[in-house]
Amino acid sequence: MKKLFIVANWKSYKTEAETLTWLEEFMKEYQAVVKENTEVVVCPPFTALSVMKESVLNSRLTLHIGAQDISPFGEGAYTGEVNAKQLQEFCSYVIIGHSERRNYFNESDEMLEKKVQMAETSGITPIYCVQGKDTSVPNGVKIVAYEPVFAIGTGQPDTPENANEVAKQIKDSKNVPYVLYGGSVKPENITSFIAMEHIDGVLIGGASLHADAFAEMIKNA
Ligand code: PGA
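Residues numbered from 1 in each chain as written. Predicted model: local features only at pLDDT ≥ 70, side-chain atom pairs only at ≥ 80, totals over all residues. Heavy atoms only, no water.

Novice: How should I be thinking about the pattern of salt bridges in this particular structure?
Specialist: Pairing is possible between side chains of opposite charge, provided their charged atoms come close. Applying the stated criterion across every chain, the model contains 11 salt bridges. With a shortest N-O distance of 3.5 Å, Asp-134 and Lys-133 are connected by a salt bridge. Accessibility expressed as a relative area gives 64% for Asp-134, which makes it exposed. The salt bridge involving Asp-172 is made with Lys-168; its shortest N-O contact spans 2.9 Å. Placement of the pair is Asp-172 and Lys-168 together in helix α6 (residues 160-174), with a separation of 4 residues, close to one helical turn. Look at Asp-172 and you get exposed, because its relative accessible area is 57%. A relative accessible area of 32% means that Lys-168 is categorised as partly exposed. By sharing partners, the salt bridges in this structure join Asp-69, Arg-101, Glu-107 and Lys-115 into a single network. (Salt bridge = Lys/Arg side-chain N within 4 Å of Asp/Glu carboxyl O. Buried < 20%, exposed > 50% of the residue type's maximum accessible area, 1.4 Å probe, protein only. Helix = DSSP H or I, 4+ residues; strand = E, 2+ residues; numbered from the N terminus.)

Written out as structure tokens, the structure reads:
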């Protein structure tokens, strides 16, 4: 059975209180639906990392926590940045290179490479987003998420066949062992992506905000 990654990207949604409500609902269903080969990662906003860590520890959920961004710098005078050493207390994963960060915050390939280095030196695994097969991937990245911009938040996913082809090309050309697909993944279509030979999981935005839909997707996978 292949290893699967199911990753929730909450983006700039949910307060601490809303995170607790989500967790309460999610816990009712999660242990019954998660399978041994599946790594489930939830990436809340920075402000909810602490409460999520505490809940996961207290409930002994086999749930991994990720951040949605990381500073390209270490400790220092970088107002507003959250660095790898700080994130390490909460996270084992971090999303790097999401198209929203590239577009709205002008993140360059050079900066993204520094972020990957910072994550890796602190033992945090990057989930590196690419927008197509030609997006560059920094050395050492083990998990890439293929997220075509037309599919993000639009309800118009790529076809599983095309996503599989792109995943294969990324694996062959960039020496990456795991490729995920992201963009309008829903409970109704998750199985068609997971069934593809070269797709090792999914990155889910909008649909992961609902605990019941997220649990259903884990079950369907
Ligand atoms: P979506 O977002 O599932 O809402 O399309 C995916 C993403 O941006 O990671």
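Novice: Please explain the environment of Ala-195 as it appears in this structure.
Specialist: Inspection of the secondary structure puts Ala-195 in the loop between α7 (190-194) and β8 (201-204). With 35 residues separating them along the chain, Ala-195 and Pro-160 place their C-alpha atoms 8.6 Å apart.

Novice: Help me understand the site of the ligand, please; the structure alone is not making it clear to me.
Specialist: Neighbouring the ligand are 13 residues, the closest being Lys-11, His-98, Glu-147, Gly-153 and Ser-184. Within the side chain of Lys-11, a nitrogen or oxygen atom sits 2.7 Å from an oxygen atom of the ligand. In the environment of the ligand, an oxygen atom lies 2.7 Å from a nitrogen or oxygen atom belonging to the side chain of Glu-147. Protein contact buries 97% of the 280 Å² of open area that the ligand shows by itself. A molecule is said to occupy a pocket when more than half its atoms come within 2 Å of that pocket's grid points, and by this definition the ligand occupies the second largest pocket. Here the shell around the ligand is built from residues that sort into 4 nonpolar, 7 polar and 2 charged. (Near = heavy atom within 4 Å. Polar contact = N/O pair within 3.5 Å; in protein donor to acceptor, adjacent residues only side chain to side chain. Areas by Shrake-Rupley, 256 points an atom, 1.4 Å probe, with all protein chains shown as cover. 1 Å grid on protein atoms, 1.4 Å probe; cavity = no way out; pocket = protein on both sides within 12 Å on 5 of 7 lines; lining within 4 Å. Sits in = over half its atoms within 2 Å of the grid points. Nonpolar A, V, L, I, M, F, W, Y, C, P; charged D, E, K, R; others polar.)

Novice: Would you explain helix α1 (residues 16-33) in this entry?
Specialist: Each α-helix turn comprises 3.6 residues. Residues three or four places apart therefore point the same way. In this model α1 runs 25 Å from its N-terminal to its C-terminal C-alpha over 18 residues, within 8% of the 26 Å that 1.5 Å per residue would give. The largest bend along α1 reaches roughly 45° and is located at Met-27. Of the surrounding secondary structure, the elements contacted by the buried residues of α1 are β2 (38-43), α2 (49-59) and α8 (211-220). If you check the start of α1, you find a side-chain oxygen 3.4 Å away from the backbone N of Ala-17, and it comes from Thr-15. (Expected span 1.5 Å × (residues − 1). Bend = angle between axes of the 7 residues up to and from the residue. Contact = heavy atoms within 4.5 Å.)

Novice: Please clarify how the layout of surface pockets should be interpreted in this entry.
Specialist: Take a probe with the size of a water molecule and roll it over the atoms, and the empty space left behind shows itself. Considered as a void within the structure, the largest pocket measures approximately 410 Å³ in volume. Lining the largest pocket are 19 residues; nearest its centre among them are Lys-11, Gln-68, Asp-69, Arg-101 and Phe-105. Counted by class, the lining of the largest pocket contains 8 nonpolar, 6 polar and 5 charged residues. For the second largest pocket, the calculated volume is near 230 Å³. The residue makeup of the lining of the second largest pocket, split by class, is 8 nonpolar, 9 polar and 3 charged. (Points joined across faces, edges and corners; volume = space filled by probe spheres on them.)

Novice: Would you explain the packing of aromatic side chains in this entry?
Specialist: The relative placement of two aromatic rings is captured by the distance of their centres and the angle of their planes. Using the criterion set out here, one finds 9 aromatic pairs in the structure. Judged by centre distance (4.6 Å) and plane angle (25°), the ring pair of Trp-22 and Phe-26 falls under stacked. In this pair, Trp-22 and Phe-26 both sit in helix α1, 4 residues apart, roughly one turn of the helix. For the pair Trp-22 and Phe-214, a centre-to-centre distance of 5.9 Å together with 40° between the ring planes defines the contact as tilted. Residue Trp-22 is found in helix α1, and its partner Phe-214 is found in helix α8; the two are separated by 192 residues along the sequence. Taken together, the ring pairs in this structure connect Trp-10, Trp-22, Phe-26, Tyr-30 and Phe-214 into an aromatic cluster. Its guanidinium or amino end placed over the ring of Trp-10, Lys-14 lies 5.5 Å from that ring's centre, counting from NZ or CZ. Here Arg-101 stacks its cationic end above the ring of Phe-105, 4.0 Å away from the centre of that ring. (Phe/Tyr/Trp six-rings, centres within 6.5 Å; stacked < 30°, edge-to-face > 60°. Lys NZ or Arg CZ within 6 Å of the ring centre and 35° of its normal.)

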